[in-house]
Amino acid sequence: MAIKDMYDVVVIGSGPGGLAAAISAKKAGADDVLIIERDVELGGILLQCIHNGFGVEIFKEDLPGPGYAQRFINDALSLGVETMLDTMVLDITSQRKIYVSSKTYGFRIIEARAIVLAMGCRERTRSQIRLPGTRPAGVYTAGMAQRWTNVEGYMPGKKFVILGSGDIGMIMARRLTFEGAKVERVLEIMPFLTGLTRNYVQCLLDYDITLQLHHTVKRIIGNDRVEAIEAVQVDDKWNMVPGTEEIIPCDSLLLSVGLIPENELSRMAGVLIDPVTGGPFVDETFQTNVPGIFAAGNVVHVYDLVDWVTEAGFAAGDGAGKFAIAQKKKAAQSINLIAGNNVRYVVPHRIEKENLKDEPIRLQMRVRQPMEEPVWVEVHDGDNLITRKGERYVRPGEMVTVTLKPKDFDAIRKTDRLTVQVVPR
Amino acid sequence: MTEEMKKLICIACPKGCTLDLTMSGDTILKIENASCKNGYEYAEREIHDPRRMVASTVKVKDGVHPLVPVYTEKAIPKRQIHELLKELREVEIQAPVEMGQVVLADVLGTGISVVASRSLPKAM
């Protein structure tokens, strides 16, 4: 499908937050809604979350991640939401211009009346938690290992230690066990489980996988490949307890040590970020400090249930849809002045229709190129000439004007844009 | 017979209530601290016939991905999980795949089917 230059609502990201936002923007009355997704298919991280447990709140059903996503993908597409896949957003401005790049579409600039940021979050990496030791292959974030195992068909290792008792870590412990690997240990630095208790039961207890609270990795051992990790107990202040070290032989270490909202694009657009959540400051419609830019889901703060992400997406999409409609209504109340042939700019940039009364309006402009011959300075509404004024010549150094008179006002009230151009007489 | 106390963590929903069971041998005398009826059902079943939903993948020929995720429509007996996984490893299906398509019917005589979790188009 051809991508337009302007959309009512553009959603960035097609995970649960983005899909819900696109659907509710449409339902709120937005005419064109576009989802931009960097992967080759819609669905986001749900596609690799093949375990069940999704949708218990929204559908009262126990669905696997891809099935949960598919329901929303089907809804969005049947509502006429447009998509731009395999496309990277490079920049967003506070004026809601979106710069994208893609193999299929090339470099494009797309304008949006409203934007929903739904980029989700990223996993915390080894360097962000400063794990000492060598730097062999075999140290992966849990989500990376999940993508390989569940989507791409590679097993990342045979013998695992998992650091962090978050949900992805515990779910991967079970998943890797299913695929024939041995999970030697799950280590958690906190004195409590950081994921859901049900996952402790159905992912670790069910398969006799040992969880050690108050434990962390002291160092990674191995040159080309992980050979072992040294685990150690910590006290309440996270100080290592001497004498509690244990070498655990393994070929892989998975990290499930937290998620960080992904807000590089938000910052480019001037969106203010709450240092506590790592996500934008938002109001109850999930609108950020930048008018018309909304944010939904894990990009705002990290959720533990996808159902809630969907709910946030619905709210943000509704807000964005209504904002776009209000923008259009407002735009219909004003007339934009467009610089046409040999005109560099026109001031004023727009005229409010309610101000069209008895006073004439003088348009001021500069030309791009000198024209040393008699010319017309013309004002068009696209179909008809509204007014024109003759000049003996025009030069960039000399400002040019043309005046809209009250007798022209009835004609221009019907339009939302006027083009000003300079042509030979 | 002597009464015995047993704790179970309910996995029926993300809440994860800790249930307190009073047992006499294999008989449940009392279930306490469940915050909904699912908790009572879970405890009954967990004691007498523990079951789990199982999600895994099977191989796909000519799909956009080499695997398609699958899951059991209903929870299957816990002791049969590894046997089921062994069977799934032998399965290979042809793209395109439709969400809900039966990948393995009546697994291990349970009457429960394994179905595709998503649709998977053919690779271009």
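Residues numbered from 1 in each chain as written. Chains lettered and ligands numbered in written order. Predicted model: local features only at pLDDT ≥ 70, side-chain atom pairs only at ≥ 80, totals over all residues.

A. Here's a closer look at the overall build of chain A. When helices and strands are counted, chain A shows eight helices and 25 strands. What you see for chain A is a C-alpha radius of gyration of 29 Å, clearly larger than the 22 Å of a compact globule of 425 residues, by over 25%. Across the 425 residues that make up chain A, the buried fraction comes to 46%. In chain A, the proportion of contacts linking residues at least 24 apart, taken out of those at least 6 apart, comes to 64%. (Helix = DSSP H or I, 4+ residues; strand = E, 2+ residues; numbered from the N terminus. Rg over C-alpha atoms; globule rule 2.2 N^0.38 Å. Buried ≥ 20, exposed ≤ 12 C-beta atoms within 10 Å, placed from the backbone. Contact = placed C-beta atoms within 7 Å.)

B. Up close: the pairing of strand β3 (residues 27-32) of chain B. Judged from the five bridges that link them, strand β2 (residues 18-24) of chain B and β3 of chain B form a sheet pairing that is antiparallel. Residue Thr22 of chain B lies in a different strand from β3 of chain B, and its bridge partner there is Lys30 of chain B. (Pairing = 2+ DSSP bridges.)

C. Summary view of the sheet that holds β2 of chain B. All names here are of chain B. Across the sheet, three strands lie side by side as β1-β2-β3; this open sheet has antiparallel pairing. In the strand order of this sheet, the two ends are held by β1 (4-9) and β3, each with one partner. Direction aside, neighbouring strands of the sheet carry axes that sit 30° apart on average. Relative to β2, β1 runs antiparallel, the two being bridged by six bridges. Bridge assignment links Ile9 to a residue of β2, and that residue is Thr18. In this fold helix α1 (residues 37-48) packs onto β1, β2 and β3, with an angle of close to 150° to the strand it touches most, β3. (Axes fitted to C-alpha atoms, helices over the stretch in contact; angles between N-to-C directions.)

D. How the structure looks around the sheet that holds strand β24 (residues 400-404) of chain A. Residues and elements named next belong to chain A. What the three strands build is an open sheet, ordered β19-β21-β24; its pairing is antiparallel. Every other strand in the sheet has two partners, leaving β19 (343-347) and β24 as the edge strands with one partner each. Strand-to-strand twist of the sheet, defined as the mean angle between neighbouring strand axes without regard to direction, takes the value 25°. One ladder, built from four bridges, connects β19 with strand β21 (residues 361-367); its direction is antiparallel. Residue Val346 lies in a different strand from β21, and its bridge partner there is Met365.

E. Layout of the domain arrangement of chain A. Domain parsing of chain A yields domain 1 (6-122 + 260-331), domain 2 (125-257) and domain 3 (335-424). Relative placement of domain 1 of chain A and domain 3 of chain A: their C-alpha centres are 40 Å apart. (Domains from an automatic or database assignment.)

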